[in-house]
Amino acid sequence: MRSITLGEVEITRIVEWEGAFGPARTIVPEAGIETWKANEELLAPHFWEPDADRWIGALQTWVLRSGGRTVLVDTGVGNGRERPSMPMFHHRNTDFLGQLAAAGVRPEDVDVVVNTHLHADHVGWNTVGRGPGEWEPAFPEATYLMPAADHAHFDPANGRELRVDDIALFEDSVAPVVAAGRAVLWEGAYRIDENLVLEAAPGHTPGSSVLRLASGGERAVFVGDLLHSPVQIAEPSCNSCFCEDEKQAAATRHRVLGRAADERELVVPAHFGGPGAFEVRREGSRFAVRDWASYSA
């Protein structure tokens, strides 16, 4: 397992899957091929296959041990999900719980689950199947922290027109947790403990959030899907194809990266493969990687 310690918080990375997802400029359509080529040194080989023009990413969860408690940040895709419009997420079968066990985490050990937002690849292991079409919380003792704005946005009962997959993820990965009384729907900001606080960071979805860590003079910010590729560090105005409010998403990305540069926060995106996290510096109106994270085995 790959771990890093900041102050008194240990961070362990659990990779559900890593590899080439699809055409790079489908994922970040606002960045043209000239932008990818101009940043090839930054992007290849961990984040881009130049010859095939494919984006490389990861599905992963971060395990934080903070204040005597175990916190999971995002829960990946999950097994056995009906996601017909997303073939890579459809009926997956991985040993995610086995990977957690190898990191010393049993389901009943988890105290807090953070969903930075309610997209399919961030909530899948919220639940496990208990029978055909029946789901229960995967972490029976945990409090699940979900952004209230996303809950309202994706709840089919609110009458919005939703994609079939969005309805499915709500029904199999969100609603069962709420029904079990394990969810807290928060707004604005939510302090988990003396080291960790959630803050709203809307744009990618209405309820997108970041998790800030501050301990012993060291800092990190888990940014969810604010970034899908390092090309968005060099060109922070470029959104992913999944950003629902493009103007707000770009403004939030600038703001969060700016604070990370000024306060020397380690930036931890949800989908970066390779080193997975980085320190950032300002470079005019853009940003650049100051250094990549290094882990102990």
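The coordinates are above.
The structure displayed is predicted, hence computed values, not measured ones.

What follows deals with the pairing of strand 13 (residues 209–215). Among the seven residues of strand 13, six are classified as buried, and the element is accordingly described as predominantly covered. Relative to strand 13, strand 12 (residues 196–200) runs antiparallel, the two sharing five bridges. The residue bridging Leu-198 from the neighbouring strand is Leu-211, located in strand 13. In terms of strand pairing, strand 13 meets strand 14 (residues 218–224) through five bridges, oriented antiparallel. Counted as the bridge partner of Leu-211 is Phe-222 from strand 14. Between strand 13 and strand 14, which pair antiparallel in sequence order, lie two residues; one of them, Gly-216, sits at a positive phi of approximately 55 degrees.

Here we come to the side chain of Arg-83. As for its placement among the helices and strands, Arg-83 is situated in the loop between strand 5 (69–73) and helix 4 (96–102). Look at Arg-83 and you get buried, because its relative accessible area is 0%. Arg-83 has contacts with Phe-89, His-90, Ala-120, Asp-165, Ala-168, Leu-169, Asp-172 and Ser-173, leaving out every residue within four places of it along the chain.

Counted as a void, the largest pocket has a volume near 580 Å³. As for the largest pocket, its lining consists of 28 residues, and the residues nearest its centre are Met-86, Phe-89, Arg-163, Cys-241 and Phe-242. Listing elements by their share of the lining of the largest pocket, those giving two or more residues are strand 2 (9–23), helix 1 (24–27), helix 5 (120–123), helix 6 (148–154) and helix 7 (164–179). Of the residues assigned to the lining of the largest pocket, the class counts are 14 nonpolar, seven polar and seven charged. Computed from the structure, the second largest pocket encloses a volume of approximately 210 Å³. Lining the second largest pocket are 14 residues, with Leu-6, Glu-218, Arg-264, Leu-266 and Glu-279 positioned closest to its centre. Elements with a contribution of two residues or more to the lining of the second largest pocket: strand 1 (2–6), strand 14 and strand 17 (286–292). Broken down by class, the residue content of the lining of the second largest pocket amounts to five nonpolar, two polar and seven charged.

Criteria and cut-off values
Note that residues are indexed from 1 along each chain, following the sequence as it is written. Under the rules for a predicted model, residues below a pLDDT of 70 receive no local features and side-chain atom pairs below 80 are neither given nor counted, while totals for whole chains, interfaces and linings still include all residues. Excluded from the side-chain calculations are hydrogens and water; all other atoms, namely the structure's heavy atoms, are used. Exposure is judged per residue with a 1.4 Å probe applied to protein chains only, and the accessible area is read against the type maximum: over 50% gives exposed, under 20% gives buried, and values in between give partly exposed. Every helix listed is a DSSP run of H or I at least four residues long, and every strand listed is a run of E at least two residues long, numbered separately from the N terminus. Pairing between strands requires that DSSP locate at least two bridges from one strand to the other. Should any heavy atoms of two residues lie within 4.5 Å, those residues are counted as being in contact. Cavity means a closed set of points on a 1 Å grid over the protein atoms alone, one where a 1.4 Å probe fits but cannot get out, pocket means an open set with protein on both sides within 12 Å along at least 5 of 7 lines, and lining means a residue has an atom within 4 Å of a point. Grid points are joined across faces, edges and corners, and a volume is the space filled by probe spheres set on the points. Here the nonpolar group is Ala, Val, Leu, Ile, Met, Phe, Trp, Tyr, Cys and Pro; Asp, Glu, Lys and Arg are the charged ones; every other residue, Gly included, is treated as polar.

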